[in-house]
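# Coordinate analysis (summary)
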Amino acid sequence: MAKIIAHDLEMRFGDKTLFTTQELIFQEQQVIHLQGDNGCGKTTLMKLLAGLIKPSQGQVQAIGYSLAPWWRSNNIVGKAIYLHQHPYLFEGSVLYNLTYSFAFSDRDQHQLAARTEQAIEMAELGHLLPQLASSLSGGERQRLAIARAWIIQPKLLMLDEPTSNMDKHSQRLVLQMVTDLKQQGTGILISSHQSCLLTQLCDHAWLINNHKISTTDTIQQVTTPTLAVHINPNMPATNAQ
Ligand SMILES: Nc1ncnc2c1ncn2[C@@H]1O[C@H](COP(=O)(O)OP(=O)(O)OP(=O)(O)O)[C@@H](O)[C@H]1O
């Protein structure tokens, strides 16, 4: 089973410790809701697990993947796929973006073509295929990026605030693709500081709070700290009716 394991992780920027954790395991067949307030480090943690940045201390290890080619110095990159909330797209059309990676893939080309047709339908991208990816709206870009991930069917996928730019209809289309990936066994880590349609798929939760990461095997156990509202009795009320 493919997994990414982080040991004795510490992430600092300058003299500020963002978070520490002894052990984190992200593996196939788990769908995890990564929770935490703005700025607590959710994006940073995902980039660490994707091998895009290095921890200040500790190790990130990939298990269950074939060996990286000799010329690749970082053997974590390319294992767990990370999708930013403003996803990176190649210069070129929507169709080019969907099919770009096929030439480098050792997967069956007919199967990839069939999955592409299915993804175009699921993400309702048919009318956008010839359009330049750079001209898409924020929600369309996210739909395209998730469709591209759905086609290659990664073992591990990280979605960073995936529905931040999406209307309800786009959210439902993406929900269908992510549900399908879950059924195919892809491990999925979804960062969102709020519950949304996608987080309903989660069966595990990670919470970054007070510079620590806590994990649970059930989604109900992790609750974000109660929002304390302090009202100053001396302050004049606004919009009083
Ligand atoms: N390269 C960097 N150099 C210095 N500080 C950084 C760097 N990258 C991130 N930070 C800081 O680390 C903190 C965590 O950022 P991060 O984007 O991981 O948070 P987040 O939980 O994803 O936030 P949000 O929910 O708002 O998207 C922020 O205070 C950010 O300014």
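Heads up: these notes are all about the structure in this document. (Residues numbered from 1 in each chain as written. Predicted model: local features only at pLDDT ≥ 70, side-chain atom pairs only at ≥ 80, totals over all residues. Heavy atoms only, no water.)

### Quick look at the overall build of the protein chain
The helix and strand inventory of the protein chain stands at 5 helices and 9 strands. Mapped in sequence order, the helices and strands of the protein chain form the string β-β-β-α-β-β-α-α-α-β-α-β-β-β. Each of the 241 residues in the protein chain was classed as buried or not, and the buried ones make up 45%. Restricting the contact set of the protein chain to residue pairs at least 6 apart, pairs at least 24 apart contribute 70%. (Helix = DSSP H or I, 4+ residues; strand = E, 2+ residues; numbered from the N terminus. Buried < 20%, exposed > 50% of the residue type's maximum accessible area, 1.4 Å probe, protein only. Contact = heavy atoms within 4.5 Å.)

### Remarks on the pattern of salt bridges
Side chains that carry opposite charge are capable of pairing whenever their charged atoms lie near each other. Taken as a whole and assessed by the stated rule, the structure comprises 2 salt bridges. Put simply, Arg-12 and Glu-10 hold a salt bridge, and the shortest N to O gap is 3.1 Å. Classification of Glu-10 by relative accessible area gives buried; the value is 17%. For the salt bridge of Asp-203 with Lys-182, the shortest nitrogen-to-oxygen distance reads 3.9 Å. Here the residue Asp-203 occupies a position in the loop between β7 (187-191) and β8 (204-209), and Lys-182 occupies one in helix α5 (residues 168-183), the gap between them amounting to 21 residues. (Salt bridge = Lys/Arg side-chain N within 4 Å of Asp/Glu carboxyl O.)

### Description of the site of the ligand
The immediate surroundings of the ligand are formed by Phe-13, Lys-16, Leu-18, Asp-37, Asn-38, Gly-39, Cys-40, Gly-41, Lys-42, Thr-43, Thr-44 and His-193. Interatomic distance of 3.0 Å between a backbone N/O atom of Gly-41 and an oxygen atom of the ligand. Taking Lys-42, its side chain carries an N or O atom lying 2.7 Å from an oxygen atom of the ligand. Put simply, the parts of the chain that give the shell around the ligand at least two residues each are β2 (16-27) and α1 (42-49). Counting residues per element, the shell around the ligand draws most heavily on α1, at 3 residues. Taken together, the residues of the shell around the ligand sort by class into 3 nonpolar, 6 polar and 3 charged. (Near = heavy atom within 4 Å. Polar contact = N/O pair within 3.5 Å; in protein donor to acceptor, adjacent residues only side chain to side chain. Nonpolar A, V, L, I, M, F, W, Y, C, P; charged D, E, K, R; others polar.)

### As for helix α3 (residues 109-122)
Over its 14 residues, α3 extends 20 Å from the first C-alpha to the last, a length consistent with the 20 Å expected when each residue adds 1.5 Å. Within α3, the full set of buried residues consists of Leu-112, Arg-115, Thr-116, Ala-119, Ile-120 and Met-122. Down the axis of α3, the buried set is contained in an arc of 160 degrees. They therefore lie on one face. Across from the buried face of α3, at angles greater than 90 degrees, the exposed residues are His-110, Glu-117 and Glu-121. (Expected span 1.5 Å × (residues − 1). Arc of directions from axis to C-beta.)

### Topic: empty space enclosed by the protein
Unfilled space is identified by rolling a water-sized probe across the atoms. Scanning the entire structure with this criterion turns up 1 cavity of 30 Å³ or more. Considering the residues around the largest cavity, the lining is formed by Leu-83, His-84, Gln-85, Pro-87, Gln-142, Ala-145, Ile-146, Leu-159, Asp-160 and Pro-162. Within the residue set of the lining of the largest cavity, elements represented by two or more residues are α4 (138-152) and β6 (156-160). (1 Å grid on protein atoms, 1.4 Å probe; cavity = no way out; pocket = protein on both sides within 12 Å on 5 of 7 lines; lining within 4 Å. Points joined across faces, edges and corners; volume = space filled by probe spheres on them.)

### Focus on the packing of α3 against α4
Their axes nearest at 9 Å, the elements α3 and α4 cross at an angle of 150 degrees. Comparing their axes, α4 and α3 come out roughly antiparallel. Handedness of the crossing formed by α3 with α4: right-handed. In this structure, α3 contributes Leu-112, Arg-115, Thr-116, Gln-118, Ala-119 and Met-122 to the contact, and α4 contributes Ala-147, Trp-150 and Ile-151. Its residues assigned to classes, the contact of α3 with α4 comprises 6 nonpolar, 2 polar and 1 charged. (Axes fitted to C-alpha atoms, helices over the stretch in contact; angles between N-to-C directions. Parallel < 35°, antiparallel > 145°, perpendicular 65-115°, else oblique. Left-handed = near helix turned anticlockwise from the far one by under 90°.)

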